[in-house]
Structure formats: C-alpha cells, structure tokens
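Understanding the architecture of this molecule
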Amino acid sequence: MTKSLIKVAIAALLLLVIGSQLIGPKPEPGGTPREFIVEVETGIDREQLSQLFQGHGQVIKPLRSLRPNLHVISVRDPASDTEIIAKLMRLPGILTVEPNSEVRAQ
Amino acid sequence: MSKVGLLLRNTVSTIAFIFGAIFCISLALEAKAERLPYEAVPGEIIVGLKSEKRANSSSRWAAGGTMNLLSLLGEDAKVVRNLSTIDGIVISAPALRTDEEIDQALTKLNADASIFSAERNYLYYADQKPADPYVSKMWFLNTISAYQAWRKRSGSPGIVVAVIDTGVQLNHDDLKDRIWINPREIPNNGIDDDRNGYIDDVKGWNFFGGNNNPDAEYVAKATRGCKPHPTKRLYENHGTHVAGTIGASANNNVGGTGITHDVRIMALKVLGGPCGAGRTDAIFEAIAYATANGAQVINLSLGSRRASSLMRREIEAAIRAGVSVVAAAGNSAVSNDVTPHFPAAYPVDGLVSVAATDSNDVLAKFSNYGQRTVDLAAPGVNILNTVPAGTAPNGAKSGYKALNGTSMAAPIVAGSVALMRAEYPKLSPADIEARLLRAVDPVAGLKSSVRAGGRLNLAKLLGESRKPVTPPKQGTTTKVRTPSAPRVIDGIRLGDGPTERKNRRNSAPAKSGEISGKSLY
C-alpha cells in the first residue's frame, strides 16, 4: 500500500516537473510586454499620448523627427495582438496600430 | 528698327541658340547612353556559304554570285576581304546606315539557299576582369555576364546604395573607400548640423542601438534557436558581406570586387545580436532616412512573415521619391505567393524581389519563390565577399567568406540597379524593375518559380535598351560545376565542410546568411 502511494507520488511529481518544463517559465503578471507601432493624428504630443495610453501601455519612443506621428508603445496585456490592436484602435486620435514585429537577416 | 526692337530680337536669337545647343548636347548624351556593349563595324557584313556548296563555291562566286549579292546591298557595296578558311567574304555596304536597312539586307541574304549565314561584323573586346586576387573565385560574375557588362559600365559614381542590415565594417580594406559620408554633418561636434534629426550621422546611423556608429559589432555567436553562446563571440558579418557584394573596391589588388566598382555605401544598422534580428520600426526609420538623405537604391536582405502596412507605405514613399528598393525573397523554401515573406512580397511597382540560384542555375534549396511575387533570380549560393574577421581586442580585420542566402542574391541585383541608375539616370524604379524582368537569361527550371522566368544577366540589363545582342563567347575562366562535383575553385574549398555543417546546425533556424565556405583573410 505504502509502496503504491510512493509510486503514485513520484509519478505525480514527475508529471508536475515535465509539465512545468513544457509550459516554460511562468508568465509575468499581465503578460510579457509587447511592442506596437502606433500612428496618431498630427498634433498629438507625447504627453497627450502618455495620458491616452494610461492603463493600456507605455510610450517608449517616438520614431524620431522623420515621422513625428509614429510612436512605439509597450503593452503588458495577456490578450492576443489582435485584441490589443482592436482595443487601441478604439482610442481617439489613433490611425494605425501594428505589432512591432521581429525581422531577420536572410 | 528701334533700339529696343533690336535688343529684343538679339535676346530672342541668343536664347533660341542656347536652347538649341542644349537640345543637341542632350541628344548626343542620350545617344552615348544608348550605346550597345557589342557594337559592329558600321556597314560591314560577313557572308559564309553552306558547306555542301563549298565544293563549287569558287565557280559560284566567279560566276557572278558575288555581283548578285552586292546588288542587294546598295550601290557602293564591295568585297573588302576574302575569308578562305570559311569560304566567306566580308562586304562593306556604306549605303546600309540604319539598323532596319541592315536587318532587311541580312534577311534577304539569309533567305538565299547557298548562304550559311550573313551577319554583322561584330567588334570584340577583352573582358573587363578586375585584377583583384579573389575575383576568379567569384563564380557568379561570369554567370551574370558581369565581365561583358563592365565593358559598357563598371562603376556608378555618385550613386548611393543604402545597406539596411547588421551594419558594415567601415574600415574593411575593400570597403573603406566606398563608404558614404554625409557631407552636411560635421563629425563629433554633438550638433545635428544638417537638421535631419540625427546627431553626428557622418557615416550613416545605427537604428538598432540608437547611435551614430553603423559598424559591425562583436556579438555572441548564435546557438540553436538563436540564443547567444555563453563564451564564443564573433563580428556580425551579414551587412558587410552585402555591402561588399554591391560595391567592394575593384582593381585595388585586395580581395574581390563588387558588382559596381564605384559606388557609395550608406551603412544603416537595423539588425543585431546572434542571429541578426531587428524590429520593424527600425527598418522603416532606416528606409525614411535613406530616402531623405540621398540614397538612390535600398537593399533589404531581411524579412518577416508579418506584414506591416506602415513599412509598405514607407517603401512606396521611397519609390515615389525615385529610390529603387531591392529585397530578398526569403530563405524558407516556400512560395511567397502562398506564404508571403515581407517586405519582398509587397505588391509595389519598383520593389524588386530576388530569389537565389546556385552555379547550375538551379533554384537554391532554401530559396523562396513565387511566380507572382518574386521578380527574378540571382546567384545566392557560395557567394564570396567581404566580412569582418579577427577578435574584438585587436579590432576587426579584413576577411572574405562565402555565404548562402537570398540575402546574397539581393545585393547582386542591387549593385546591378546601381549601374543602371548611373547609365540611365532618367529611368524610374518601376522602369528598372520592368527592365530587370526582361533582361534575364531564361531558365526552364525557373519558369514557374519567378515572374521573369530566369536569372539576372547584367550585360543584357545594361545593353537591352535596343535589340538584345548575343554576347561574344570568350575569356571565360570559371567552370560551371555539376551538382556532384566537389565545390573547389582554384584550390579553395567553398562547399560545406564538417565544421561548416556543424556551424549551420547551430545557427539560426531562419538560415540568416548561412556560412557555407572557407574564410579567406
């Protein structure tokens, strides 16, 4: 009886270890931060943007002077990219939202 | 006539004369620009008899055959040389002045049952082969007929090509004289002298790191999954290789050569880390920078499966501003028509997407393809060119390496476009794309793989403003190898060895600029 219990306990422990390995590290609360490129209406400054995105994401940089109405924002949200884009597009003054995807050398 | 009237008449005459002179000069320059690489002796035709007629040819020529031939070619036509070994003659026919007149005469002559061939007396030239030591190892130059093309134009002075990539080794022996210098920026004064939004951007910009140094960096080597190796480090080589393929210096007795021998490389670093990765925002900032700062050609040897409407818009803006954009089709061995790879797959006129072929004109096993979305193929296997070598404490040395990838095929086209921009400055990016599609060597195996159905031929591209002319066969030095043949050229093994194969297994799954060859330093 005791032996069986030990076996079951070991099996459960193994399953737990393997499962946690497969799932990987625990996600940070609110999800891993993801970057999005946001095009806003001309005239919205960075301060207004920060207020606009309060509770949604953090403005991390404007795309320099060549494209003053483009900004990169960082969003920590467990929702999918599509859901986040839909959420951001509902904010006033937002024209385009795209994931800031990774691009690789070929 | 009053003084005012006289003055007015003189002024009008002077203006008319100046405009007339400008018009004549521009016509002359245009005519020069349209010159074919393979010219013929004006008014001369070579006529050869069919072999079965040779036995009694002397009687035929003697029996008035020559006179009959000459009568077809106008009043002043005469035999200027007898070619006894081929039983032929060279005829001078000064009355035949235009291409159409010569074509009509040749058609008539070739319709004669006794004539084997009648053709123009073409001029032959020595191939323009640079004297750099590794040129003979650059098999692709012969494949794309670069030596013939360089008779017409080998440099593109004044043309700036932006290399949007992992950075460029700015002090490489074969690149240091080719690096674009921003003329409106004073080095290291901490001021944005040209007010373009970038302080001290003298030799380009590093959008990856956010600074003014677009040099190749010393980074951790990639392990499986593009994780950084805990101890091993090396210099990023992708962008330096791309830059060298476009425009490494020629005839400096160092290393190899670029497709164009005189060009300015604008180094814009957007990728970095073990596998050369970067973000979309950096890339379209770099495209905007290149456009605003005078680049005429942009090379994008990079890509992603995710489309970006903002990047597409930036590329469209660049093309509208007259900038040609060349992009690698991708290294996933899939059809871009079905699974698009961006930016190459954006349906934008003037954006040229490039697949990779090997030395047998076979689509490279890694290359993406697409009859609708990939324009043409260019060599992209075992492409030898510049890379940084050495270790960080001692500084980067000038090295050479053979790499594989559509990343290596795209700069061959970008360099060719730079030559086109110099030769035909009035052409738009869409015109150049259209000419690239027409100027390929048709390859049966590529018919369903790329729009053009063939692989780049630089000689045709530079000379194809008129009727295509078959280039003379001479001076070839590189053998075309069979697939089973060992990949050895001039004693240097360019193929995969055990170490290279191991490196490849450990490198990026995206196959970024795979290392396939022996390094040469």
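Before going into details, it helps to say that this report is about the structure given with it. All values derive from a computational prediction rather than experimental measurement.

Before going further, it helps to examine the overall build of chain A. Looking only at helices and strands, chain A has three helices and five strands in total. Taken from N to C terminus, the helices and strands of chain A fall in the order α-β-α-β-β-α-β-β. Counting contacts in chain A only where the partners sit at least 6 residues apart, residues at least 24 apart contribute 63% of the total. With an accessible surface of roughly 6,800 Å², chain A has 61% of that area assigned to carbon and sulfur atoms.

Residues and elements named next belong to chain B. Topologically, Asp441 is positioned in strand S18 (residues 440–442). For Asp441, a relative accessible area of 18% puts it in the buried group. C-alpha of Asp441 to C-alpha of Pro230: the two residues are 211 residues apart in sequence and 47 Å apart in space. If near-sequence neighbours (up to four positions away) are discounted, Asp441 is found in contact with Thr143, Gly453, Gly454, Arg455, Asn457 and Lys460. Among the polar contacts made by the side chain of Asp441, one reaches the side chain of Lys460 at a distance of 3.0 Å.

Strands sit in the order S2-S3-S1-S4 (chain A) across an open sheet of four strands; the sheet is antiparallel. Across the chains shown, the open sheet's two edge strands, defined by having one partner strand only, are strand S2 (58–62) and strand S4 (94–99) of chain A. Geometrically, the sheet is characterised by an average inter-axis angle of 30 degrees between neighbouring strands, direction not taken into account. Together, strand S1 (34–40), S2 and strand S3 (70–75) of chain A form the strand contacts of helix H8 (residues 280–292) of chain B, whose direction differs from that of S1 of chain A by roughly 40 degrees.

What follows concerns the packing of H8 of chain B against helix H9 (residues 309–320) of chain B. Residue and element names in this part refer to chain B. Contact pair H8 / H9: the axes reach a minimum separation of 9 Å and the direction vectors enclose 10 degrees. Considering their axes alone, H8 and H9 lie roughly parallel with respect to each other. On the side of H8, the interface is formed by Thr280, Ile283, Phe284, Ile287, Ala288 and Thr291, while H9 contributes Leu310, Met311, Glu314, Ile315 and Ala318. Looking at the contact of H8 with H9, its residues break down into eight nonpolar, two polar and one charged.

All names here are of chain B. Pairing in this open sheet of four strands is antiparallel, and the strands run S2-S3-S1-S4 from one edge to the other. Unpaired on one side and paired on the other, strand S2 (78–83) and strand S4 (115–122) mark the two borders of the sheet. Strand-to-strand twist across the sheet, computed as the mean angle between neighbouring axes with direction ignored, equals 25 degrees. Relative to strand S3 (residues 88–92), strand S1 (residues 40–49) is paired through five bridges, and the arrangement is antiparallel. Each residue of the ladder has a partner; that of Gly48, found in S3, is Gly88. In the packing of helix H4 (residues 99–111) onto the sheet, contacts are made with S1 and S4, and the angle to S4 comes to roughly 160 degrees.

Moving on, we come to the packing of aromatic side chains. Residues and elements named next belong to chain B. In this structure the tally under the stated criterion is 10 aromatic pairs over all chains. For the ring pair Tyr218 and Tyr235, a centre distance of 4.8 Å and an interplane angle of 55 degrees mean the geometry is tilted. A residue pair is termed long-range when its members are at least 10 positions apart, and Tyr218 in strand S7 (residues 218–222) and Tyr235 in strand S8 (residues 228–235) qualify at 17 residues. Residue class for Tyr218 comes out partly exposed when judged on its relative accessible area of 21%. Within the aromatic cluster, the residues linked to one another by ring pairs are Trp180, Tyr198, Trp205, Phe207 and Tyr289. Over the ring of Tyr424 we find Arg435; its NZ or CZ atom is 5.1 Å from the centre of that ring.

With that settled, the discussion passes to the interface of chain A and chain B. Residue-level contacts link 22 residues of chain A with 42 residues of chain B. For the pair chain A and chain B, the summed buried area comes to about 2,600 Å², and 50% of that belongs to carbon and sulfur atoms. In this assembly, chain A and chain B are joined by two salt bridges. Connecting chain A to chain B are 16 residue pairs in polar contact (both at pLDDT 80 or more). For the side of chain A that touches chain B, the secondary structure elements donating two or more residues are S1, S3, S4 and strand S5 (102–105) of chain A. Ranked by the residues each element gives to the side of chain A that touches chain B, the list is headed by S5 of chain A, at four residues. Residues of the side of chain A that touches chain B, tallied by class, amount to eight nonpolar, five polar and nine charged. Sheet topology places S5 of chain A next to strand S10 (residues 277–279) of chain B; three bridges connect them, and they run antiparallel. By the bridge assignment, Val103 of chain A is partnered in S10 of chain B with Gly278 of chain B.

Take helix H3 (residues 81–89) of chain A next. Of all the positions in H3 of chain A, only Asp81, Ile84 and Leu88 of chain A are classed as buried. Mapping the buried residues of H3 of chain A onto a view down its axis gives an arc of 65 degrees, with all of them on the same face.

Attention shifts here to helix H11 (residues 429–438) of chain B. The set of residues buried in H11 of chain B consists of Pro429, Ile432, Glu433, Arg435 and Leu436 of chain B. Down the axis, H11 of chain B shows its buried residues gathered within 165 degrees of arc, on one side only.

Across six bridges, S1 of chain B lies against S4 of chain B in antiparallel orientation. By the bridge assignment for S4 of chain B, Ala40 of chain B is matched with Tyr122 of chain B.

Right, let's talk about empty space enclosed by the protein for a bit. All told, the structure shown has two cavities of 30 Å³ or more when counted by the stated rule. Within this model, the second largest cavity holds a volume of roughly 50 Å³. Residue composition of the lining of the second largest cavity, by class: five nonpolar, four polar and one charged.

Attention shifts here to the environment of Pro425 of chain B. Within the element layout of this structure, Pro425 of chain B appears in the loop between helix H10 (406–423) and H11. A relative accessible area of 59% places Pro425 of chain B in the exposed class.

Looking now at unusual backbone geometry. Residue and element names in this part refer to chain B. In this structure, Pro343 follows Phe342 across a cis peptide bond, with omega equal to 10 degrees. Inspection of the secondary structure puts Pro343 in the loop between strand S13 (324–328) and strand S14 (351–357). At Asn251, a position not held by glycine, the phi torsion is positive, near 60 degrees. Mapping Asn251 onto the fold places it in the loop between helix H7 (238–247) and strand S9 (264–269).

So, how was this worked out
- Residues numbered from 1 in each chain as written.
- Chains lettered and ligands numbered in written order.
- Predicted model: local features only at pLDDT ≥ 70, side-chain atom pairs only at ≥ 80, totals over all residues.
- Heavy atoms only, no water.
- Helix = DSSP H or I, 4+ residues; strand = E, 2+ residues; numbered from the N terminus.
- Contact = heavy atoms within 4.5 Å.
- Areas by Shrake-Rupley, 256 points an atom, 1.4 Å probe, with all protein chains shown as cover.
- Buried < 20%, exposed > 50% of the residue type's maximum accessible area, 1.4 Å probe, protein only.
- Polar contact = N/O pair within 3.5 Å; in protein donor to acceptor, adjacent residues only side chain to side chain.
- Pairing = 2+ DSSP bridges.
- Axes fitted to C-alpha atoms, helices over the stretch in contact; angles between N-to-C directions.
- Parallel < 35°, antiparallel > 145°, perpendicular 65-115°, else oblique.
- Nonpolar A, V, L, I, M, F, W, Y, C, P; charged D, E, K, R; others polar.
- Phe/Tyr/Trp six-rings, centres within 6.5 Å; stacked < 30°, edge-to-face > 60°.
- Lys NZ or Arg CZ within 6 Å of the ring centre and 35° of its normal.
- Buried area = accessible area lost by both parts, 1.4 Å probe.
- Salt bridge = Lys/Arg side-chain N within 4 Å of Asp/Glu carboxyl O.
- Arc of directions from axis to C-beta.
- 1 Å grid on protein atoms, 1.4 Å probe; cavity = no way out; pocket = protein on both sides within 12 Å on 5 of 7 lines; lining within 4 Å.
- Points joined across faces, edges and corners; volume = space filled by probe spheres on them.

Remember, this is a structural readout, not a statement about activity or role.
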